[in-house]
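Here is what each chain is made of, one letter per residue.
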Amino acid sequence: MKGRLNRLIHHLLICLFLVVIAFCLVFSYRLSDRFTLALIVFNVFFASLFFQLNGSKITKTVILAAGNLLGLFWSWLYQNLAKVGYSFFGDSSNVVFSIVYPILTLLWMVPFWSISLSFLPQLTTSKEAAT
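Source: prediction; values computed, not measured.

Student: Describe the confidence of the model for the protein, naming the residues involved and giving the relevant values.
Tutor: When pLDDT is averaged along the protein, the result is 85; 92% of the residues meet or exceed 70. Least confident of the elements in the protein is helix α5 (residues 126-130), whose mean pLDDT is 57; most confident is helix α3 (residues 57-89), at 90.

This is how it looks when you write it as structure tokens:
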């Protein structure tokens with residue numbers, strides 16, 4: 001009975017964090033299509049690579065939801081930065097922002113992927129297992 005209850009709680013937590021991810025995608029779409037595309041790319045790469053590694057599904061889903069929240073925050077920050085740049089510099093800031101945006105997006109994606117790998121258990125090689 002206790003095992004079934006734990007399994008149910010795990011599934012409910014996974015569903016909760018999947019809903020958080022969906023809300024992040026919806027809110028990013030409200031900001032801009034460009035931000036939504038960045039989050040979709042992040043989710044596809046993250047899920048295709050990350051879920052093949054060791055670790056519990058809950059941990060991986062929590063990390064993915066945290067990445068989506070971070071991406072949503074950065075998207076909001078980029079949009080406000082673009083608005084301020086437009087108000088000070090006009091249309092030329094939109095050109096600069098369009099060029100710099102992919103680089104700024106990588107500035108949160110790559111470090112997040114790298115840091116999130118530290119939350120998963122390390123693989124043991126055959127030599128380590130033998131000793």
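Still more ground to cover, so stick around.
Student: Lay out the packing of aromatic side chains in plain terms, naming residues and giving numbers.
Tutor: Remark: the centre distance and the inter-plane angle together describe each pair of aromatic rings, the angle taken between the planes. This model, assessed by the stated rule, comprises 13 aromatic pairs. Aromatic side chains F73 and W76 sit 6.0 Å apart centroid to centroid with 35° between the ring planes, which places their arrangement in the tilted category. Pair noted here: F73 and W76 are both in helix α3, with a separation of three residues, about one helical turn. Measuring from centroid to centroid gives 5.8 Å for F97 and Y101, while their planes differ by 45°, and the two rings are tilted. You can see F97 and its partner Y101 sitting in helix α4 (residues 91-117), four residues apart, about one turn around the helix. Since its relative accessible area comes to 6%, Y101 is described here as buried. By way of ring pairs, the aromatic residues F42, F45, F46, W108, F112 and W113 are connected into one cluster. Taking the ring centre of Y101 as reference, the NZ or CZ of R34 above it sits at 5.3 Å.

Student: I'd like to hear about α3, residue by residue, with values.
Tutor: In this model, α3 (33 residues) spans 47 Å end to end at C-alpha, consistent with the 48 Å of a helix rising 1.5 Å per residue. Where α3 ends, the next residue or the one after it, G90, has phi of about 80°, a positive value.

Student: Explain the side chain of S116 residue by residue, including any values.
Tutor: Among the structural elements, S116 can be located in helix α4. Among the polar contacts made by the side chain of S116, one reaches the main-chain carbonyl oxygen of W113 at a distance of 2.8 Å. In contact with S116, not counting residues within four places along its chain, are F46, F50 and I63.

Student: So what's going on with helix α1 (residues 2-31)? Which residues, and what values?
Tutor: Counted at 1.5 Å a residue, the expected span for α1 with its 30 residues is 44 Å, and the 44 Å between its end C-alpha atoms agrees. Three or more residues of α1 are buried, namely I14, I21, C24 and S28. Next to the buried residues of α1 lie α2 (33-50) and α3.

Student: Break down the state of the cysteines for me, with residues and values.
Tutor: One covalent bond between the sulfur atoms of two cysteine residues makes up a disulfide. This structure, assessed with the given rule, holds zero disulfides. Cysteine C15 remains unbridged, with the sulfur of C24 as its closest cysteine sulfur at 16 Å. According to the relative accessible area criterion, C15 is partly exposed, its value standing at 45%.

Procedures and definitions
- Residues numbered from 1 in each chain as written.
- Predicted model: local features only at pLDDT ≥ 70, side-chain atom pairs only at ≥ 80, totals over all residues.
- Heavy atoms only, no water.
- pLDDT = per-residue confidence, 0-100.
- Helix = DSSP H or I, 4+ residues; strand = E, 2+ residues; numbered from the N terminus.
- Phe/Tyr/Trp six-rings, centres within 6.5 Å; stacked < 30°, edge-to-face > 60°.
- Buried < 20%, exposed > 50% of the residue type's maximum accessible area, 1.4 Å probe, protein only.
- Lys NZ or Arg CZ within 6 Å of the ring centre and 35° of its normal.
- Expected span 1.5 Å × (residues − 1).
- Polar contact = N/O pair within 3.5 Å; in protein donor to acceptor, adjacent residues only side chain to side chain.
- Contact = heavy atoms within 4.5 Å.
- Disulfide = S-S within 2.5 Å.

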